[in-house]
Amino acid sequence: MKKLIQFGAPIAILGAGIGIFALLHWSKPEPEKKEETPRPLTVFVDEVRQSDLNLTVATGGEVRARTGVDLTAQVAGRIVSISPEFIEGGIVEPGHALVTIEDTDYQLALSQAQVRVAGAKVGLQQALADADVARKQLRDASNASDLALRRPQVAEAEARLIAANADLQQAHLNLARTRITLPFTGRVTSKEVDVGQFVSPGTRLGHAFATEMVEVRISLSDSQLASLGLPIGYVASPDDGLPVTFSAEVAGRTQYWQGHLVRLDAAIDPRTRMLFGIAQVKSPYEDNVSQFGMPLAVGLYVNAEISGQRVKNANVIPREALRAGNKVYLVNSEGKLEIRQVTVTHSSTKQAVIKEGLAVGEQVVVSSIRNPIEGMALEPMQYAFDESAIADRHRPRPAGG
């Protein structure tokens, strides 16, 4: 009996504990269920605005010299002197001798030509005198032959004088060609000869280009051509053309230069299906340098922003608001995301002009949204839209502030 009590007591206590635990579990109150609504995503927005604006086309190209020449020897001889400016980057002045070839032989040739001219003049005077004597000796000169009147001799003497004068001009020309000069102000890009070197006609001496004007060959798509409002084959009037602002990073700064679009090609490039045009910048090394005094150097790749036609009452949004596939994210009146397809008339690095799909005053999202879902809750934050400076458009401020 004592053993039965010792074995049954623990079992009874365990059963009582299990019963109490089950009773407490069944009688505990149900926890209050609280449903949390999704937190709205904060985004930057701006309103669709209507304004009159000049369309701008963004493109680019490489600066190249409008006039570039190879310096070539036209006469043979030994180089006796070279200008200190005949180095890479040297400044070329019109008429200044960059290379001088020994001219002794050409001075002698000039003297010999002068002697021949003098002799030809004497021969012509003698022939004229002989013809005058022959005419006076003839009783009936009207029936006399040309030979009797010595006319062929006079013609031969005149021809000899003409030939002697031509030789004299050639001698002067050869002597002048011993001084290699250029007819414009420019810069030297290469030098390939030196003092003491013998050159022959056709020997390349170097290369230089004129600094009076440079050109930038730019490419335009069909939509960009429409924004400019110009026909294919356009040629501007003298001192006219669409304004172009060029920019490039040089010496750690963004430099700007001003030029004009002066002409468009008359044919589409069959390889790229693009239309090319020429923009010009006058005096890029002197008068038309950048705001920091930097010249628009040949060989530099620049961005170009062309002022196109003016559009009235255009619906304008920041360029950041235009998504791939011409889609726009909007915050509707209920604070929900709406994805809308739009028709774009023009877009640049700063703004986009919308033809259809948006109304003035609607709020477009300009910040990025990861995994956008139509109808998701949004909390808009307004920022100022400045058409003139894209950097200013990234200063957020509270909506309604």
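Let us look at the structure shown here.

Cut-offs and rules
Residues numbered from 1 in each chain as written. Predicted model: local features only at pLDDT ≥ 70, side-chain atom pairs only at ≥ 80, totals over all residues. Heavy atoms only, no water. Helix = DSSP H or I, 4+ residues; strand = E, 2+ residues; numbered from the N terminus. Buried < 20%, exposed > 50% of the residue type's maximum accessible area, 1.4 Å probe, protein only. Contact = heavy atoms within 4.5 Å. Areas by Shrake-Rupley, 256 points an atom, 1.4 Å probe, with all protein chains shown as cover. Pairing = 2+ DSSP bridges. Core = buried A, V, L, I, M, F, W, Y, C linked by side-chain atoms within 4.5 Å. Salt bridge = Lys/Arg side-chain N within 4 Å of Asp/Glu carboxyl O. Expected span 1.5 Å × (residues − 1).

## Let's talk about the overall build of the protein
Argument step 1. Check the secondary structure of the protein and you find four helices and 22 strands.
Argument step 2. Residues counted as buried form 34% of the 401 residues belonging to the protein.
Argument step 3. By sequence separation, contacts in the protein at least 24 residues apart represent 73% of the contacts at least 6 residues apart.
Argument step 4. Accessible area for the protein stands at about 24200 Å²; split by element, carbon and sulfur atoms hold 53% of it.

## A few points about the sheet that holds strand S5 (residues 91-92)
Argument step 1. Spatially, S3-S10-S8-S5 is the arrangement adopted by the four strands of the open sheet, whose pairing is antiparallel. Here the strands that pair on one side only, and so sit at the sheet edges, are strand S3 (68-72) and S5.
Argument step 2. Pairing analysis gives five bridges linking S3 to strand S10 (residues 204-210), with the strands arranged antiparallel. Along S10, the bridge assignment pairs Asp 70 with His 207.

## Some remarks on the nonpolar core
Argument step 1. The biggest cluster of nonpolar side chains holds 33 residues, and the ones touching the most others in it are Leu 71, Phe 86, Leu 98, Val 99, Leu 182, Val 199 and Leu 205.
Argument step 2. Secondary-structure elements contributing two or more residues to this core are strand S6 (99-101), helix H2 (104-137), helix H3 (151-176) and S10.
Argument step 3. The element contributing the most residues to this core is H2, with eight residues.
Argument step 4. Setting aside anything within four residues of it in sequence, one finds Leu 205 in contact with Leu 71, Thr 72, Ala 73, Phe 86, Val 99, Ile 180, Lys 191, Glu 192, Val 193 and Val 199.
Argument step 5. Counting 26 residues, the second-largest nonpolar core is a separate cluster that includes Ile 218, Leu 275, Val 302 and Ile 306.

## Comments concerning unusual backbone geometry
Argument step 1. Notably, Ser 283 is not glycine yet its phi reads approximately 45°, a positive angle.
Argument step 2. Even without being glycine, Asn 326 reaches a positive phi, approximately 55°.
Argument step 3. Note on placement: Asn 326 falls in the loop between strand S16 (322-323) and strand S17 (327-331).
Argument step 4. A relative accessible area of 33% places Asn 326 in the partly exposed class.

## Looking at the pattern of salt bridges
Argument step 1. Enumeration according to the criterion identifies 14 salt bridges in this entry.
Argument step 2. For Arg 116, the salt bridge goes to Asp 167, with nearest N and O atoms at 3.9 Å. Of this pair, Arg 116 sits in helix H2 while Asp 167 sits in helix H3, placing them 51 residues apart in sequence.
Argument step 3. A relative accessible area of 41% places Arg 116 in the partly exposed class.
Argument step 4. Look at Asp 167 and you get partly exposed, because its relative accessible area is 37%.
Argument step 5. A salt bridge links Glu 192 to Arg 204, with the shortest nitrogen-to-oxygen separation between them at 2.5 Å.

## Quick word on H2
Argument step 1. A rise of 1.5 Å per residue sets the reference length of H2, with its 34 residues, at 50 Å; its end C-alpha atoms lie 50 Å apart and thus fit the reference within 8%.
Argument step 2. Among the residues of H2, those classed as buried are Tyr 106, Leu 110, Ala 113, Val 117, Ala 120, Leu 124, Ala 127, Ala 131 and Ala 134.
Argument step 3. On its buried face, H2 sits against H3.

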